[in-house]
Amino acid sequence: MTTRQFQESSALRIFLSYFKPHRKLFFLDMCCALMIAVIDLAFPYVSRWCMYQLLPESAYRTFFAVMAVVFCAYILRSVFTYIICYYGHTFGILVEADIRRDLFRHMQELSFDYYDRNRTGQLMSRMTTDLFEITELAHHGPEDLFISRVTIVGALAIMFTIQWQLALVIACIIPVFFLVVWKCRASMQAASIKVKQRTATINADIESGLSGIKTAKAFANEEAELEKFDVSNDSFKTSKRAFHRAMGRFNAVMEFFLCILSVAVISVGGFLIMQGRMDTVDLITFSLYITTFVNPVRKLSTFAELFANGTAGFARFVELMREEPAMQDAPDAITLSRVEGRIDVDHVSFAYQDDMAVLHDVDLHIRPGETIAVVGPSGGGKSTLCQLIPRFYDVTDGAVKIDGVDVRKMDVHQLRSNIAVVLQDVFLFSDTIEENIKIADGFFSKYDYLFSTRPIKAGPVAFHKLLIDMPVKDFCQMAVDKKGVLLLPATIYDMDEQYFRVGYGRKGVPEALEKFEEFLIENGFTR
């Protein structure tokens, strides 16, 4: 679905759209749930028939044969339960994977300004915790609701055929129960949304705290960081208590109604027996059906919690998916057949916020092949100016042009694929060095000679002496994390050492690869 479709569709329609690709598993789950409900409804009715027909006539052989059939039915019920548990969870995982894929794709489409406004930890919470709650709702929600409805409606229908007056009493209690449950569910959902917001905040604080833990230690600032974390943690505890308070009210109401049902059956049933309008066998049958109510009602209890958590998480998912990317291609976006590289910054002004201008009427013209150095104090707008060229942000006034074409009228993907960028903060993906270098599209086709069997010392960058004789192609298959920590094979270093930072002294992988990246870009201008 596109962003526009997310904006125009209801949350329910969006939710059900993820069921369609896996509808076979969903229908298998529902069919097994139906068979479980049928078996649960059949047992009290079969027991009543045995007590009315077989036992009074001393048909013991037939009675035990019927019980053997019931025994086999419950074996079959356990098989259905296994299918629901295994394939139902498989269905939920597939739905979660589809939702996470769409969410990640959409997050890649969002512009820089969105990430300026949102913290990484909060976005991670939406990608993990919220999606787990949605998965539980996708699997258990329809199944529990279906079983509960079939069992309760079926049991009431059968009880009306046995003794309508007692069945009417039960039918009057159940709607009151559901009304109270619905009110409790609303309070649980509101509390769940607050919990998820606090969870996102505390995840963001944890991410920030762990990322800056070395800085905190360097300045002996651990206590201050702990105090900041305690503020978020206390807020989380408060919101969690509110949710559990709402859930406690719900469970108390549910247990009360379950007990009242049994008391109502025995009380009204006993009164009807006294008047000769009911016998003991029918009262036992009613008691068995009330017992079958317990499991569906408890499923409704679970469903209420799942619904509160799942809908809260799904609402946050839909909210993010309806977020419009600030940078979008124009309907008549231009794709340049050949890029010469002329850049015109035409009287450009820019502000991250309306009242905080960063650039004022900047006019700059760069010819193809010309090298320009932009020099100035920190905060002067050098990085901002560079970020306007690949259209990471849109200018407030003026225009940025490539070969005379306004970048706002160009295809964004083509624009950025023709611009080489060395980021100010070096970032490495948690993958092999080769995969990090492959980010530069088309590099391997031109520079595959670098990944030969020759040693690293012959390459453009010098590395640690333990690696100096390693073939470049082997080095590029080694894993590295975003902090520049190289994960070396055990044959190169002591088995007790987990990590090893590459380079002499303070020269780590980021600095080495930054030089490597500069080498590639310098050579890339000759393509």
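Just above, that's the structure.
This is a predicted model, so every value here is computed, not measured.

Visitor: Would you mind showing me how to read the side chain of threonine 151 here?
Guide: Looking at the element boundaries, threonine 151 is found in helix α7 (residues 129–162). Here threonine 151 falls in the buried class, since its relative accessible area comes to 1%. Leave out the neighbours within four places in its chain, and threonine 151 touches Ala37, Leu41, Thr292, Phe293 and Pro296.

Visitor: Before we go on, may I ask you to explain the nonpolar core in this structure?
Guide: In a soluble, globular protein the nonpolar side chains are often hidden away together inside. One finds Leu156, Met159, Ile170, Met188, Val265, Phe286 and Phe293 to be the most contacted residues of the largest nonpolar core, which totals 39 residues. Secondary-structure elements contributing two or more residues to this core are α7, α8 (164–211), α10 (222–274) and α11 (280–321). Considering every element that reaches this core, the biggest residue donor is α10, with twelve residues. When near neighbours in sequence (up to four residues on either side) are disregarded, phenylalanine 293 contacts Thr151, Ile152, Ala155, Leu156, Met159, Ile170, Ile174 and Leu261. Residues Met30, Leu110, Met127 and Leu137 belong to the second largest nonpolar core, which totals 27 residues.

Visitor: Would you explain the pairing of strand β1 (residues 343–353) in this entry?
Guide: Two faces make up the sheet, and in a regular strand the side chains alternate between them. Summarising the sheet, β1 and strand β2 (residues 356–366) pair through seven bridges and their orientation is antiparallel. Each bridged residue has a counterpart across the sheet, and for alanine 351 the counterpart in β2 is alanine 357. Judged from the five bridges that link them, β1 and strand β3 (residues 397–402) form a sheet pairing that is antiparallel. Across the sheet, isoleucine 343 pairs through a bridge with isoleucine 402, a residue of β3.

Visitor: Sorry, what's going on with the packing of helix α3 (residues 23–54) against α7 here?
Guide: Two numbers describe a pair of packed helices, the interaxial angle and the distance between the axes. Across the interface, α3 lies against α7 with an axial gap of 9 Å and an inter-helix angle of 25°. Comparing the axis directions of α3 and α7 gives the class roughly parallel. In this structure, the crossing between α3 and α7 has a hand that is right-handed. Residues Phe26, Asp29, Met30, Ala33, Leu34, Ala37, Leu41, Tyr45 and Arg48 of α3 lie in contact with α7, whose contacting residues are His139, Pro142, Glu143, Phe146, Ile147, Val150, Thr151, Gly154, Ala155, Ile158 and Ile162.

Visitor: Honestly, the sheet that holds strand β4 (residues 405–406) in this entry has me stumped. Any pointers?
Guide: Across the sheet, which stays open at both edges, the four strands sit in the order β2-β1-β3-β4 with antiparallel pairing between neighbours. Each edge of the open sheet carries a strand with a single partner, namely β2 and β4.

Visitor: Please explain the pattern of salt bridges as it appears in this structure.
Guide: Oppositely charged side chains are able to pair whenever their charged atoms sit close together. In total, this model carries ten salt bridges according to the counting rule given. A salt bridge links arginine 101 to aspartate 102, with the nearest nitrogen and oxygen atoms 3.5 Å apart. You can call aspartate 102 buried: its relative accessible area is 12%. Between arginine 408 and aspartate 406 there is a salt bridge, with its nearest N and O atoms 2.9 Å apart. Overlapping salt bridges bring together Asp98, Arg101, Asp102 and Arg105 as one network.

Visitor: Hey, could you run me through the packing of aromatic side chains in this one?
Guide: Each aromatic ring pair is described using two quantities: the centre-to-centre distance and the angle formed by the ring planes. Taken as a whole and assessed by the stated rule, the structure comprises 15 aromatic pairs. Summarising the aromatic geometry, the rings of phenylalanine 26 and phenylalanine 91 are spaced 5.6 Å apart at their centres and angled 40° between planes, so their arrangement reads as tilted. Within this pair, whereas phenylalanine 26 is found in helix α3, its partner phenylalanine 91 is found in helix α4 (residues 60–109), the two being separated by 65 residues in sequence. Judged by centre distance (4.8 Å) and plane angle (85°), the rings of tyrosine 86 and tyrosine 87 are edge-to-face. Residue tyrosine 86 is classed as partly exposed on the basis of its relative accessible area of 44%. The class of tyrosine 87 is partly exposed, set by a relative accessible area of 34%. Three or more aromatic residues joined by ring pairs form one cluster here, namely Phe6, Phe15, Tyr18, Phe19, Phe26, Phe27, Phe91, Phe314 and Phe317.

Rules of the game
Residues numbered from 1 in each chain as written. Predicted model: local features only at pLDDT ≥ 70, side-chain atom pairs only at ≥ 80, totals over all residues. Heavy atoms only, no water. Helix = DSSP H or I, 4+ residues; strand = E, 2+ residues; numbered from the N terminus. Buried < 20%, exposed > 50% of the residue type's maximum accessible area, 1.4 Å probe, protein only. Contact = heavy atoms within 4.5 Å. Core = buried A, V, L, I, M, F, W, Y, C linked by side-chain atoms within 4.5 Å. Pairing = 2+ DSSP bridges. Axes fitted to C-alpha atoms, helices over the stretch in contact; angles between N-to-C directions. Parallel < 35°, antiparallel > 145°, perpendicular 65-115°, else oblique. Left-handed = near helix turned anticlockwise from the far one by under 90°. Salt bridge = Lys/Arg side-chain N within 4 Å of Asp/Glu carboxyl O. Phe/Tyr/Trp six-rings, centres within 6.5 Å; stacked < 30°, edge-to-face > 60°.

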